[in-house]
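# Fold and geometry: a report
Next come the chains, spelled out residue by residue.
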Amino acid sequence: MKIIKEISAMQSISEYYRRIGKKIGFVPTMGFLHEGHLSLIIKAKDECDIVFTSIFVNPTQFLPGEDFKDYPRDFLRDYHLCKSSGCDYVFYPDADTMFPENYFTYVNVNVLSDKLEGMFRPGHFKGVTTIVLKLLNITKPHNIYLGQKDAQQAAVLKKMILDLNIDVNLRICDTVREENGLAMSSRNMYLSKDEKDKASVFNFVLNEAKKMILEDKIEDMNVVKQSVKNIIETKTPESSLQYIAITDNNLLEDIKDIKNYNGEVLISLAAYMGKTRLIDNILFKK
Ligand code: PAF
């Protein structure tokens, strides 16, 4: 496995593999890899001939006061994990390479980027879409692999790819969870053992909400949301729910008439466990 730091070198490598007819899979990451990332690399290897993984803690998707400086970084650990999962090339640029002085260009998916996470992290998705478009232009993959854990990120990037006619196939892969149901995330390392145990409540309530809709046939989504809030408050007073939303999975619009709705239902939430902000979701067909 090779480490590439320069944009032009990464582009040449991609062009070479394209020229000889190889299929390229790309997994963008911010490093501190966990099994969720590794499952994406393994899937990419399964479906493609060559796998590129990027490791770049993208400053433009963190808001002032967020954890950019503290975000966990351990390149050596990531290197070994990438290698043992079948990655062929790691693109590991410096911040100055990606965002040199006088960098002015950003891409934004309007409307979708302002919902859900966007209400609490304004500007976050503009940073995500910009870096992912840059990475796509650098790695030029046939397939890009993202986790369903970041459901809104997946929806926003799907829309960017569609709206900008980007020639890449988006593969969204299942969330990988700890044994207790907690969605894997690099930020889980901020949690104490006790907080990690208690954070299983978020996956639990998402499954309860799904049951309320599919089995109990509750039609008022406010009732479902209120029940979720009550369960979280009762079971884990040390956590606080920031939002819970029940939307479609494309435009992320609230589902008002669930009885006559036949698409995919996305229930997403953000909550604090202690000082750590976590997100999770469940996606199912009505
Ligand atoms: O999901 C992430 O880790 C990041 O948002 C991504 C897609 C690598 C862009 O920085």
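A few points on the structure. All values reported here derive from a predicted model rather than from experimental measurement.

Cut-offs used in this document
Residues numbered from 1 in each chain as written. Predicted model: local features only at pLDDT ≥ 70, side-chain atom pairs only at ≥ 80, totals over all residues. Heavy atoms only, no water. Near = heavy atom within 4 Å. Polar contact = N/O pair within 3.5 Å; in protein donor to acceptor, adjacent residues only side chain to side chain. Helix = DSSP H or I, 4+ residues; strand = E, 2+ residues; numbered from the N terminus. Nonpolar A, V, L, I, M, F, W, Y, C, P; charged D, E, K, R; others polar. Pairing = 2+ DSSP bridges. Axes fitted to C-alpha atoms, helices over the stretch in contact; angles between N-to-C directions. Contact = heavy atoms within 4.5 Å. Expected span 1.5 Å × (residues − 1). Buried < 20%, exposed > 50% of the residue type's maximum accessible area, 1.4 Å probe, protein only.

## Considerations on the site of the ligand
Near the ligand you find Pro-28, Thr-29, Met-30, Asn-58, Gln-61, Ile-131, Val-132, Asp-150 and Gln-153, and these make up its full shell. At a separation of 2.7 Å, an oxygen atom of the ligand approaches a polar side-chain atom of Gln-153. Contributing elements (two or more residues each) for the shell around the ligand: strand 2 (24–29) and helix 6 (124–139). Taken together, the residues that form the shell around the ligand break down as four nonpolar, four polar and one charged.

## What about the sheet that holds strand 9 (residues 276–285)?
Pairing is antiparallel across the open sheet formed by three strands, whose spatial order is 7-8-9. Looking at which strands have only one partner, the edges of the open sheet turn out to be strand 7 (239–247) and strand 9. When strand polarity is set aside, the average angle formed by the axes of neighbouring strands in this sheet is 15°. Summarising the sheet, strand 8 (residues 264–273) and strand 9 pair through 10 bridges and their orientation is antiparallel. Residue pairing for strand 9: Ser-268 is matched across the bridge by Asn-281. In the packing of helix 9 (residues 200–214) onto the sheet, contacts are made with strand 7, strand 8 and strand 9, and the angle to strand 9 comes to roughly 30°.

## Concerning helix 6
End to end, helix 6 covers 22 Å across 16 residues, agreeing with the expected 22 Å (1.5 Å per residue, within 8%). Most of helix 6 sits inside the fold, with 14 of its 16 residues counted as buried. Positioned one or two residues after helix 6, Lys-140 has a phi angle of 40°, which is positive.

## Examining the pairing of strand 8
Burial runs high along strand 8: eight of the 10 residues are buried. Where strand 7 and strand 8 come together, eight bridges link them in antiparallel fashion. Across the sheet, Thr-247 pairs through a bridge with Leu-266, a residue of strand 8. Two successive antiparallel strands, strand 8 and strand 9, enclose a turn made up of two residues, where Gly-274 displays a positive phi of approximately 65°.

Honestly, that's just the spatial picture; any functional story needs more than this.
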